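Chain by chain, the residues:
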Amino acid sequence: MFNMTPIQIENQTFVAITLVLPKTNFLAVTSEKGYIMCGALDIALLNEKLKERKIIAGRAVGVRTIEQLLDAPLESVTLEAEALGIMKGMNGREALLKMV
């Protein structure tokens, strides 16, 4: 099952994406500038091999729902996210608001 839903955080609109897979869920919430995602996101790949793309992203682990993704502290963030003030330990909602 695939679900894509708009969500509001402090009057800003983001898109929440859930893909239900066998034994796991793929979760992401995106803005026009960047996104946060579940543990499937490989931050090292984005920072090293795809550095020239300047991707703004954060990763939260151990989450199974969009609400958990929004509330969880980010386990890692890209270098471009850090440049915007998005830091490891910041929750998903705070990070997304810096991506507008």
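First, a word on scope: everything that follows refers to the structure included in this document. (Residues numbered from 1 in each chain as written. Predicted model: local features only at pLDDT ≥ 70, side-chain atom pairs only at ≥ 80, totals over all residues. Heavy atoms only, no water.)

## Some thoughts on the sheet that holds strand β5 (residues 56–59)
Taking strand neighbours across the sheet as the criterion, the 6 strands line up as β1-β2-β3-β4-β5-β6 in an open arrangement whose pairing is mixed. Each end of this open sheet is capped by a strand with a single partner; those strands are β1 (2–9) and β6 (76–77). The sheet contact formed by strand β3 (residues 24–30) and strand β4 (residues 34–37) spans 3 bridges and is antiparallel. By the bridge assignment for β4, Ala28 is matched with Met37. (Pairing = 2+ DSSP bridges. Helix = DSSP H or I, 4+ residues; strand = E, 2+ residues; numbered from the N terminus.)

## Points about the nonpolar core
Counting residues in each nonpolar core, the largest one holds 31 residues, and the members touching the most others are Val29, Ile36, Leu69, Leu70, Ile86 and Leu96. Contributing elements (two or more residues each) for this core: β1, β2 (12–21), β3, β4, α1 (43–48), β5, α2 (66–71) and α4 (92–97). Ignoring sequence-local partners within four residues, the contact set of Leu69 consists of Leu27, Ala28, Val29, Ile36, Met37, Cys38, Ala60, Val63 and Gly92. (Core = buried A, V, L, I, M, F, W, Y, C linked by side-chain atoms within 4.5 Å. Buried < 20%, exposed > 50% of the residue type's maximum accessible area, 1.4 Å probe, protein only. Contact = heavy atoms within 4.5 Å.)

## Some thoughts on the pattern of salt bridges
Across all of its chains, the model carries 3 salt bridges by this definition. Here Glu75 makes a salt bridge to Arg59, at a shortest N to O gap of 2.9 Å. Taken as a pair, Glu75 in the loop between α2 and β6 and Arg59 in strand β5 lie far apart in primary sequence, 16 residues in all. With its nearest N and O atoms 3.0 Å apart, the salt bridge here joins Arg93 to Asp71. In this pair, Arg93 sits in helix α4 while Asp71 sits in helix α2, placing the two residues 22 residues apart along the sequence. Salt bridges sharing partners connect three or more residues here, namely Glu67, Asp71 and Arg93. (Salt bridge = Lys/Arg side-chain N within 4 Å of Asp/Glu carboxyl O.)

Remember that the coordinates give geometry; whether it matters functionally is a separate question.
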